[in-house]
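# Descriptive analysis of the structure
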Amino acid sequence: MCGRYVSTADPAMLAVELDALDETGDDTGGDERGPDYNVAPTSEVLTVVARHDGEDPDGPVRRRLRRMRWGLVPPFAEEIGRSAPLINARSESVATKPSFARSLRRKRCLVPMDGWYEWQVEPAPDGKPRKVPYFMSPADGSRICMAGLWAEWRDPRNPKAPPLSSTAILTAQSVEQLGNVHERMPLILPPERWDAWLDPDSLGHPELIVPSVEAISAIEIRRVSAKVNSIRNNGPELLQPDDGAGDQMVLL
């Protein structure tokens, strides 16, 4: 699964990098929120969608950078917060799940990030189990984009309120070295799949929601500070390698 990740990109620069219109609503010329080293569920996160200009079905399609709530809220939901946020969608069953099927057909997105965290439960010196965090990211320091879905929800109790945009990240069975850390992994989409995945005029792409071995082979895994276990901690120090005082698991 993917329950926490890192996003340090400035929206304006990311929009240029991805050839997208910046629709994040930041008019200051910079991102006042700053980098986030501990992105948690229900946070507002950066996403990339592709839509027609002015909702014109005959107009050009452009990539657009938008902020969305991490935790998809299906359009049919009566209210927010009654259950755990839908931060992930299993790629194997996404087409048949009512919460995700409609988004898979018409509302697909990318979720850019620097990398993501996963935890392993390991025995501590005192015999008690503890959660040990690992950080997965490209070895060359480049950014990656995960396959995502998005939805718009309108509050049935307040029809005049603006819609809430929200997103979920697709996951798949872990392959290659990532299987040594967790049985699930977020679905990395390499750049050559982006346009087809984002295309608002297509009805889903089951052939795209399979792991890219090439993208996965470029991922580096390292154990990091247990400070990331608390969402109150947020800073570059969370990414510092941590050898666990000699008890680090060997990743083969």
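What you are looking at is a predicted structure, and each value in this text was computed from that prediction instead of being measured.

### Looking at the pairing of strand S8 (residues 115-123)
Consecutive side chains along a regular strand alternate between the two faces of the sheet. Judged by how many residues are buried, S8 sits mostly within the fold: seven of nine residues are covered. With eight bridges joining them, S8 and strand S9 (residues 129-138) adopt antiparallel strand pairing. By the bridge assignment for S9, Trp119 is matched with Pro133. In this antiparallel pair of consecutive strands, S8 and S9, the connection spans five residues, and Gly127 shows a positive phi of 90°.

### Section: the layout of surface pockets
Rolled over the atoms, a probe with the dimensions of a water molecule shows which regions are left empty. Considered as a void within the structure, the largest pocket measures approximately 330 Å³ in volume. Considering the residues around the largest pocket, the lining is formed by 20 residues, among which Arg143, Ile144, Pro190, Pro191 and Ala215 are closest to the centre. Contributing elements (two or more residues each) for the lining of the largest pocket: helix H1 (11-17), strand S10 (144-153) and helix H4 (213-217). Broken down by class, the residue content of the lining of the largest pocket amounts to 13 nonpolar, two polar and five charged.

### Quick look at empty space enclosed by the protein
Applying the stated rule across the entire model yields one cavity of 30 Å³ or more. Space inside the largest cavity adds up to approximately 40 Å³. As for the largest cavity, its lining consists of Trp116, Glu118, Met136, Ser174, Leu178, Val181, His182, Arg184 and Met185. Put simply, the parts of the chain that give the lining of the largest cavity at least two residues each are S8 and strand S12 (184-186). Considering only residue class, the lining of the largest cavity consists of five nonpolar, two polar and two charged.

### Things to note about the side chain of Thr167
Following the sequence through the fold, Thr167 ends up in strand S11 (residues 164-173). Overall, the relative accessible area of 1% leaves Thr167 in the buried class. For Thr167, the contacting residues outside a window of four places in its chain are Val45, Thr47, Met68, Arg69, Trp70, Gly71, Leu72, Leu86, Cys109, Val111, Leu149 and Trp150.

Thresholds, definitions, all that
- Residues numbered from 1 in each chain as written.
- Predicted model: local features only at pLDDT ≥ 70, side-chain atom pairs only at ≥ 80, totals over all residues.
- Heavy atoms only, no water.
- Buried < 20%, exposed > 50% of the residue type's maximum accessible area, 1.4 Å probe, protein only.
- Helix = DSSP H or I, 4+ residues; strand = E, 2+ residues; numbered from the N terminus.
- Pairing = 2+ DSSP bridges.
- 1 Å grid on protein atoms, 1.4 Å probe; cavity = no way out; pocket = protein on both sides within 12 Å on 5 of 7 lines; lining within 4 Å.
- Points joined across faces, edges and corners; volume = space filled by probe spheres on them.
- Nonpolar A, V, L, I, M, F, W, Y, C, P; charged D, E, K, R; others polar.
- Contact = heavy atoms within 4.5 Å.

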